[in-house]
Amino acid sequence: MTETHTDLHTGALVCLQLENPGEKVACTNKLYDSWQAGELACSPGHPSMSIPVPGRPPRPQLVAPRELARRSAHTKEGRAALIHALCHIEFNAINLALDAVYRFDGMPREFYADWLQVAKEEACHFQLLGTHLHELGYEYGDFPAHNGLWEMAVQTDHDVMVRMALVPRVLEARGLDVTPGIIDKLRDAGDLRAVEILRIIEHDEVGHVEIGTRWFRYVCEQRGVSPFSTFKQLLKQYMKGQLKGPFNHQSRKLAGFSEAELAYLESAG
């Protein structure tokens, strides 16, 4: 942050709106440290605005998912494109965590502490992947990417319950399903550093999805609604049958998914 902030939500918005990735990472880390040091107030009643476009650099070019080329991980360019796609997900994940801190008023302090921790860990993931991408001879922005994660953030910015249900428990949880296969691809291609990085991310992401699960159920309890039936209803309303398996039951259980939820995902997918 270029100036000192004493309010948590203001500080999160400043970080969220920064366009330069390095500045966003530094801002996020400073915000986390300031919160840990007890330097930031967390006052209810702060206004929030919809953010259709968060702070992001001019590149990568954003395209529809179907326009993204499929490349083999056994070529250097193909591995770089894969690492770049993961890097882009982590950059969006920083913004998503910061937005949760900024946007949702009146939650317990532990909610903001959790999402600040997520933001800091996503920033670390982005740095790890960005450094490896650089070692492969590329930079973040060199390949096109899609904007699906932030589009869902905009769709869910009106309700913390909807956000917790759909961003961590659907979109981010997808990473729990696909990461083992990506690790296998990169190991087969001989990129052991990428494998090491993805193992770190895989471990942390279970915790991030669990945080989403915990706060989704907290809000459901506060509102007197069933988490299971509410989750099903939100999936039908927002995802419109776009759930895809296979689902990583072991990781999803660690992240708080119930047997009933997993059975429903299998039937819906």
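Below is a summary of the structure that appears in this document. Quick caveat, the model's predicted, so the values are computed rather than measured. (Residues numbered from 1 in each chain as written. Predicted model: local features only at pLDDT ≥ 70, side-chain atom pairs only at ≥ 80, totals over all residues. Heavy atoms only, no water.)

**Quick look at the overall build of the protein chain**
Our working rule: Think of it this way: any DSSP run of H or I at least four residues long counts as a helix, any run of E at least two long counts as a strand, and we number them from the N terminus. In this description the radius of gyration comes from C-alpha coordinates, and the expected globular size is given by 2.2 Å times residues to the power 0.38.
Regarding its fold elements, the protein chain presents 10 helices and 0 strands. Helices (α) and strands (β) of the protein chain occur, in sequence order from the N terminus, as α-α-α-α-α-α-α-α-α-α. By the compact-globule yardstick of 18 Å for 269 residues, the protein chain fits well, its C-alpha radius of gyration being 18 Å. When the backbone C-alpha atoms are referred to their principal axes, the protein chain occupies close to 50 × 50 × 30 Å.

**Considerations on the packing of aromatic side chains**
Cut-off, in case you're wondering: Ring pairs shown here join Phe, Tyr and Trp side chains whose ring centres sit within 6.5 Å, with only the six-membered ring taken for Trp; geometry is labelled stacked below 30 degrees between planes, edge-to-face above 60, and tilted in between. Using a 1.4 Å probe on the protein chains alone, a residue whose accessible area is under 20% of its type maximum counts as buried, one over 50% counts as exposed, and one in between counts as partly exposed. For a lysine, the NZ atom is tested; for an arginine, the CZ atom; a charge sits over a ring if that atom is within 6 Å of the ring centre and within 35 degrees of the ring normal.
Scanning the model with the defined rule gives 10 aromatic pairs in all. Between Tyr-138 and Phe-143, the aromatic rings sit 5.3 Å apart at their centres with planes inclined by 40°, giving tilted as the arrangement. Seen from their ring centres, Phe-231 and Phe-257 are 6.2 Å apart, and the 70° between their planes marks the pair as edge-to-face. With Phe-231 in helix 8 (residues 227-239) and Phe-257 in the loop between helix 9 (249-254) and helix 10 (259-268), the pair connects residues that are 26 residues apart, well separated along the chain. We classify Phe-257 as buried; its relative accessible area is 5%. A cation over an aromatic ring shows up here: Arg-169 above the ring of Phe-257, its NZ or CZ 4.1 Å from the ring centre. Lying across the ring of Phe-257, Arg-252 places its NZ or CZ 4.9 Å from the centre.

**Some thoughts on the pattern of salt bridges**
In a structure, side chains of opposite charge can pair up when their charged atoms sit close to one another. To be explicit about the condition: Just to be clear on terms, a salt bridge is a Lys or Arg side-chain nitrogen sitting within 4 Å of an Asp or Glu carboxyl oxygen.
Evaluation of the coordinates by the stated rule reveals 15 salt bridges. For Glu-196, the salt bridge is made with Arg-193, and the minimal N-O distance between the two is 3.2 Å. Taken together, the residues Glu-196 and Arg-193, both in helix 7 (residues 192-223) and 3 residues apart, mark about one turn of the helix. For Glu-196, a relative accessible area of 44% gives the class partly exposed. Counted as one network, the salt bridges with shared partners bring together Asp-99, Arg-103 and Arg-163.

**Things to note about the packing of helix 3 (residues 76-103) against helix 5 (residues 148-155)**
To keep things clear, this is the line we draw: Lines fitted to C-alpha atoms define the axes, with helix axes restricted to the stretch in contact, and inter-axis angles between N-to-C directions lie between 0 and 180 degrees. With respect to orientation, any angle under 35 degrees is reported as roughly parallel, any angle over 145 as roughly antiparallel, any angle of 65 to 115 as roughly perpendicular, and every other angle as oblique. In this scheme the crossing of two helices becomes right-handed for a clockwise turn of the near helix relative to the far one and left-handed for an anticlockwise turn of less than a right angle. Only heavy atoms enter the contact rule, under which two residues are in contact if any of them lie within 4.5 Å. Residue type decides the class: Asp, Glu, Lys and Arg count as charged, Ala, Val, Leu, Ile, Met, Phe, Trp, Tyr, Cys and Pro as nonpolar, and the leftover types, Gly among them, as polar.
Contact geometry for helix 3 and helix 5: axes closest at 9 Å, N-to-C directions at 15°. Accordingly, the angle class assigned to the pair helix 3 and helix 5 is roughly parallel. The element helix 3 and its partner helix 5 pack so that their crossing is right-handed. Residue-level contacts link Ile-89, Asn-92, Asn-95, Leu-96 and Asp-99 of helix 3 to Leu-149, Trp-150 and Ala-153 of helix 5. Taken together, the residues that form the contact of helix 3 with helix 5 break down as 5 nonpolar, 2 polar and 1 charged.

**Section: the state of the cysteines**
In plain terms, the rule: Pairs of cysteine sulfur atoms within 2.5 Å are identified as disulfides in what follows.
Following the criterion strictly, the structure yields 1 disulfide and no others. Disulfide pairing is shown between Cys-15 and Cys-27; the S-S distance is 2.1 Å. On the sign convention where negative is left-handed, the bridge of Cys-15 and Cys-27, at about -80° about the S-S bond, is left-handed. Of this pair, Cys-15 sits in helix 1 (residues 8-17) while Cys-27 sits in helix 2 (residues 21-36), and the two are 12 residues apart along the sequence. We note that Cys-15, like Cys-27, is buried.

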